[in-house]
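# Summary of the model geometry
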Amino acid sequence: MTTEENTGTVPVQKTDEQWREELTPQEFAVLRKAGTERPYTGEYWDTKTAGVYQCRACGSDLFTSSEKFDSHCGWPSFFAPLAEGKVRYLHDRSMGMDRVEVRCANCDSHMGHLFEGEGFDTPTDQRFCINSISVKLVPQDASAGTAE
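The name an unreviewed UniProt entry assigns to the protein is peptide-methionine (R)-S-oxide reductase, from the organism Arthrobacter zhaoxinii. According to the UniProt record, the Catalytic activity (unreviewed entry) comment for the protein reads "L-methionyl-[protein] + [thioredoxin]-disulfide + H2O = L-methionyl-(R)-S-oxide-[protein] + [thioredoxin]-dithiol".

## Section: empty space enclosed by the protein
Counted according to the given criterion, the structure contains 1 cavity of 30 Å³ or more. Within this model, the largest cavity holds a volume of roughly 40 Å³. Around the largest cavity, the lining residues are Trp45, Lys68, Phe69, Asp70, Ser71, His72, Cys73, Gly74, Trp75, Pro76 and Ser77. Residue composition of the lining of the largest cavity, grouped by class: 5 nonpolar, 4 polar and 2 charged.

## Examining unusual backbone geometry
One non-glycine residue, Ala34, lies in the positive phi region at around 60°. Topologically, Ala34 is positioned in the loop between helix H2 (25-31) and strand E1 (51-55). When its relative accessible area of 36% is taken as the criterion, Ala34 is described as partly exposed. With phi around 60°, His72 is a residue other than glycine that occupies positive phi space. Within the secondary structure layout, His72 lies in the loop between strand E3 (68-69) and strand E4 (77-78). Residue classification places His72 among the exposed positions, given a relative accessible area of 60%.

## Things to note about the pairing of strand E7 (residues 110-116)
In terms of residue burial, E7 counts as a mostly covered element, since 5 of its 7 residues are buried. Taking the residues that link successive antiparallel strands as the turn, the strand E6 (residues 99-104)-E7 hairpin has 5 residues, and the phi of Asp108 there is positive, at about 65°. Inspection of the sheet shows E7 paired to strand E8 (residues 126-130) by 5 bridges, in the antiparallel sense. Pairing of His113 across the sheet is with Cys129, part of E8.

What counts, and where the lines are drawn
Residues numbered from 1 in each chain as written. Predicted model: local features only at pLDDT ≥ 70, side-chain atom pairs only at ≥ 80, totals over all residues. Heavy atoms only, no water. UniProt positions renumbered as here; feature names shortened; annotations may be inferred. 1 Å grid on protein atoms, 1.4 Å probe; cavity = no way out; pocket = protein on both sides within 12 Å on 5 of 7 lines; lining within 4 Å. Points joined across faces, edges and corners; volume = space filled by probe spheres on them. Nonpolar A, V, L, I, M, F, W, Y, C, P; charged D, E, K, R; others polar. Helix = DSSP H or I, 4+ residues; strand = E, 2+ residues; numbered from the N terminus. Buried < 20%, exposed > 50% of the residue type's maximum accessible area, 1.4 Å probe, protein only. Pairing = 2+ DSSP bridges.

Next up, the structure:
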């Protein structure tokens, strides 16, 4: 994992006005303005359904249920993205903390944050803490042709 400042370009670029037309106010607040949903309130924090988690803004495949684990934090947690290059990382120094923000590499939407070294029994010792409202789960039986 490498972190980068917000200087790169992404394939999908839209104005705030265009995003506002496509997203609900809650989706816009999280995906485009880096908000956070309250813990234990999102659609996927405790879901066990097999499938692919796509960016809710652009539909890019980002995570799979194979990497999802229960971290008891109130948000969906993954120990790795679907593939390298699917997400991008930015330093986030907001709220008096030094964190790593996770964004969709395709449209630059805010997904959540990456935490490391928390001691979870996962292959990477990483926790991608992702807002449910930032993703859409496509169940395995409905995602024919999508990599698991």
